[in-house]
Amino acid sequence: MLRRPVAVVVAVVLLVEALGVAALNWFLGIVVDRQDMSLAGLDPDMMSTSSKVGGIVFGLYFAFCGLVALLVAVRDQPPAGLGRVLLVSAAVVHGLLGAAAWGLVGWPAFLSMVVALALIVLLLMTYDRKEGPAAGPGDTAGPKDQGPAPVNGPTAPTTG
């Protein structure tokens, strides 16, 4: 099956991304702190601290999403409840980051965001199918849809 390897890859991607986001924001906080400049009158210490806190928060968010994907891989069960909401929100965040990355950073960053988005959506879609009852040998199509039931219209009165 394709489900478990996809879940493992999503978990690894999200955990690496968590470390990358946290490290990048921490680095930007250090740069702002060492520059000792303000932006539109904002306190540089506040900007540095908020960058570091934002990096930790987003790093934990992506790490928790990666943990959900790892649990999906280990259990081979679809994500439910808060885990499903987290993975859907991570897909939305990757879509928005991809759109921003296209304009601000370039196509390589956009491509990495789209790949992560596609992996998360693939994870959600592969576990979305409901498994039906076991089919007999040779029956790979499963239950066939017979279409709507025939509608009996009004019957003509009989004379007798």
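Above: the structure in question.
Now for a look at the structure at hand. All values reported here derive from a predicted model rather than from experimental measurement. (Residues numbered from 1 in each chain as written. Predicted model: local features only at pLDDT ≥ 70, side-chain atom pairs only at ≥ 80, totals over all residues. Heavy atoms only, no water.)

**Side note on the packing of helix α3 (residues 82-104) against helix α4 (residues 107-126)**
Then comes step 1: At a minimum axis separation of 8 Å, α3 and α4 run at an interaxial angle of 160°. Looking at the two axes, α3 sits roughly antiparallel to α4. Along this stretch, α3 crosses α4, giving a crossing that reads as left-handed. Facing α3, whose interface residues are Arg84, Leu87, Val88, Ala90, Ala91, His94, Gly95, Leu97, Gly98, Ala101 and Trp102, α4 presents Trp107, Ala109, Phe110, Met113, Ala116, Leu117, Ile120, Val121, Leu123 and Leu124. (Axes fitted to C-alpha atoms, helices over the stretch in contact; angles between N-to-C directions. Helix = DSSP H or I, 4+ residues; strand = E, 2+ residues; numbered from the N terminus. Parallel < 35°, antiparallel > 145°, perpendicular 65-115°, else oblique. Left-handed = near helix turned anticlockwise from the far one by under 90°. Contact = heavy atoms within 4.5 Å.)

**What about the pattern of salt bridges?**
Then comes step 1: Scanning the entire structure with this criterion turns up two salt bridges.
Then comes step 2: Note that aspartate 76 and arginine 3 form a salt bridge whose closest N and O atoms lie 3.8 Å from each other. Note that aspartate 76 is positioned in the loop between α2 (44-75) and α3 and arginine 3 in helix α1 (residues 3-35), a separation of 73 residues in sequence.
Then comes step 3: With a relative accessible area of 25%, aspartate 76 lands in the partly exposed category.
Then comes step 4: Arginine 3 gets classed as buried once you look at its relative accessible area, which sits at 16%.
Then comes step 5: Salt bridges sharing common partners tie together Arg3, Arg4 and Asp76. (Salt bridge = Lys/Arg side-chain N within 4 Å of Asp/Glu carboxyl O. Buried < 20%, exposed > 50% of the residue type's maximum accessible area, 1.4 Å probe, protein only.)

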